[in-house]
Amino acid sequence: MAHEHGHHHHDHGHGHHDHGEGADLGHGPGAGKRFPFHKMDRLDSAERQARQPADKLVELVAEGRPETILDIGVGTGYFALPLLDALPGAKVTGLDVEPRMLGVLVGRALERGVFDRVDTFEVPRDDAERLPTPEDAFDAAIMVNFLHELDDRPGYLAGVRRTVKAGGRFVVCDWDAEGDAEHGPPLEIRVPVDVATAELKAAGFEKVTRHDLYPNFFTLVCE
Ligand SMILES: C[S@@+](CC[C@H](N)C(=O)[O-])C[C@H]1O[C@@H](n2cnc3c(N)ncnc32)[C@H](O)[C@@H]1O
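Since we're looking at a predicted model, the values are computed, not measured. (Residues numbered from 1 in each chain as written. Predicted model: local features only at pLDDT ≥ 70, side-chain atom pairs only at ≥ 80, totals over all residues. Heavy atoms only, no water.)

A few words now on the environment of Trp 175. Mapped onto the elements, Trp 175 comes out in strand β5 (residues 164-175). As a C-alpha pair, Trp 175 and Leu 187 span 12 residues in sequence and 8.6 Å in three-dimensional space. (Helix = DSSP H or I, 4+ residues; strand = E, 2+ residues; numbered from the N terminus.)

Core analysis: the biggest nonpolar cluster contains 32 residues, and Leu 57, Phe 79 and Ile 142 have the highest contact counts within it. Every element with two or more residues in this core is listed here: α2 (54-62), α3 (80-86), α4 (99-111), β4 (138-144), β5 and β7 (217-222). Per-element accounting of this core gives the leading share, 6 residues, to α2. Filtering out sequence-adjacent residues up to four positions away, Ile 142 remains in contact with Leu 57, Val 61, Leu 70, Asp 71, Ile 72, Phe 79, Leu 83, Phe 170 and Val 171. (Core = buried A, V, L, I, M, F, W, Y, C linked by side-chain atoms within 4.5 Å. Buried < 20%, exposed > 50% of the residue type's maximum accessible area, 1.4 Å probe, protein only. Contact = heavy atoms within 4.5 Å.)

Here the focus is the pairing of β4. With respect to burial, β4 is a largely interior element, 6 of its 7 residues being buried. By the bridge criterion, 4 bridges tie strand β1 (residues 68-72) to β4 in an arrangement that is parallel. For Asp 71, the partnering residue across the bridge sits in β4 and is Ile 142. Handedness of the crossover is the feature at issue here: the chain leaves β4, passes through helix α5 (residues 153-163), returns alongside β5, and the resulting connection is right-handed. (Pairing = 2+ DSSP bridges. Right-handed = clockwise from strand over helix to strand, strands pointing away.)

What surrounds the ligand is a group of 20 residues, the closest being Arg 48, Gly 73, Asp 96, Val 144 and Phe 146. The contact in question runs from an oxygen atom of the ligand to an N or O atom on the side chain of Asp 96, over 2.6 Å. Interatomic distance of 3.2 Å between a backbone N/O atom of Ala 128 and a nitrogen atom of the ligand. Against a free-state accessible area of 600 Å², the protein chains account for coverage of 99% of the ligand. (Near = heavy atom within 4 Å. Polar contact = N/O pair within 3.5 Å; in protein donor to acceptor, adjacent residues only side chain to side chain. Areas by Shrake-Rupley, 256 points an atom, 1.4 Å probe, with all protein chains shown as cover.)

Bringing the layout of surface pockets into the picture now. Estimates place the volume of the second largest pocket at around 150 Å³. In terms of lining residues, the second largest pocket is bounded by Asp 44, Gln 49, Ala 54, Gly 77, Tyr 78, Leu 81, Pro 82, Arg 108, Glu 111 and Arg 112. When residues of the lining of the second largest pocket are traced back to their parent elements, those giving at least two are α3 and α4. (1 Å grid on protein atoms, 1.4 Å probe; cavity = no way out; pocket = protein on both sides within 12 Å on 5 of 7 lines; lining within 4 Å. Points joined across faces, edges and corners; volume = space filled by probe spheres on them.)

Once that is clear, we can look at the sheet that holds strand β6 (residues 208-211). Here we have 7 strands laid out as an open sheet, ordered β3-β2-β1-β4-β5-β7-β6, and mixed in their pairing. Two strands bound the open sheet, and with one partner strand each, they are β3 (118-122) and β6. Pairwise comparison of adjacent strand axes, ignoring direction, gives a mean angle of 20 degrees for this sheet. In this sheet, strand β2 (residues 91-96) lies alongside β1 in parallel orientation, the contact comprising 5 bridges. Bridge pairing links Ile 69 to Val 92 in β2. Strands β2 and β3 of the sheet are contacted by α4, whose axis makes an angle of about 175 degrees with β3. Here α5 sits on the sheet in contact with β1, β2, β4 and β5, set at roughly 140 degrees to β5. (Axes fitted to C-alpha atoms, helices over the stretch in contact; angles between N-to-C directions.)

A few words on the packing of aromatic side chains. The full count for this structure, using the stated rule, is 5 aromatic pairs. Ring plane angle 80 degrees and centroid distance 4.9 Å describe the contact between Tyr 78 and Phe 79, whose orientation is recorded as edge-to-face. Accessibility classification places Tyr 78 together with Phe 79 in one group, the buried group. When the centroid spacing of 5.9 Å and the interplanar angle of 45 degrees are considered together, the rings of Phe 146 and Tyr 156 count as tilted. Placement of the pair is Phe 146 in the loop between β4 and α5 and Tyr 156 in helix α5, with a sequence separation of 10 residues. (Phe/Tyr/Trp six-rings, centres within 6.5 Å; stacked < 30°, edge-to-face > 60°.)

A word on the pairing of β1. Regular strands show a simple pattern: their side chains alternate between the two faces of the sheet. Counting buried residues in β1 gives 4 out of 5 residues, a clear majority hidden from the surface. One crossover worth recording links β1 to the parallel β2 by way of α3, and it is right-handed.

For the rest of this paragraph, the subject is the confidence of the model for the protein. Of the residues in the protein, 86% reach a pLDDT of 70 or more, and the chain-wide mean stands at 89. Note that pLDDT drops below 50 for residues 1-26; the model gives that stretch 60 contacts with residues more than four away or on any other chain. (pLDDT = per-residue confidence, 0-100.)

Turning our eyes to something else, we now look at the side chain of Glu 199. Among the secondary structure elements, Glu 199 is positioned in helix α6 (residues 193-202). On the accessibility criterion, Glu 199 (17% relative accessible area) is buried. Within the structure, the side chain of Glu 199 is placed 2.7 Å from the side chain of Arg 153, a separation counted as a polar contact. Discounting residues that sit within four places of it in the chain, Glu 199 has contacts with Arg 153 and Leu 157.

What follows is the structure in structure tokens.
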């Protein structure tokens, strides 16, 4: 599956502007910016592991010793599964709009013997920008390579603030708008780090600290 198409000379690994076979044009707001399932292999590729190795972000999240973690736009579990390894008592809730991503996540969790520590939450495609999780439910939340896929960031981030417990941590990592355009989504749809920081503060996170975990990505720890 997920074969490359030769005509994509400058394929940036995302579905944006990709109106070809299998592109997730989906339904409802935001659908055109969504990472398409047929490119799933890229989420776990060796190239990605070199560019954005999971262990660095996992360490940052694990520092707070969370027991309940929400992974927003969990994909195949690139971060969720190593997080479970790093935090043996913890549970991860993986939220995604794409049921096939959640299917892959569940399969991998079963293989690794951590199925009992994974919950999945499928959000409806036509109402994907309303976070359905309960208030004060998680010690930590993460959102990786996802922020730029949202249409209503302020509304969504306020929802994240509500679902994370007071004193909890929210870690956001996304493509740097000032990074190189070689990989990742087009520069013009990336969220500048100062815009992201201001929006996170407006959503109610009092302290937003930037970490440089990976070149070409920003990572913000919000408390
Ligand atoms: C680029 S992938 C990143 C996956 C994972 N976070 C990682 O770092 O490997 C973005 C993921 O967000 C999901 N997604 C996009 N819009 C969403 C929404 N509104 N709600 C939930 N998931 C969404 C996509 O289906 C996809 O699995």
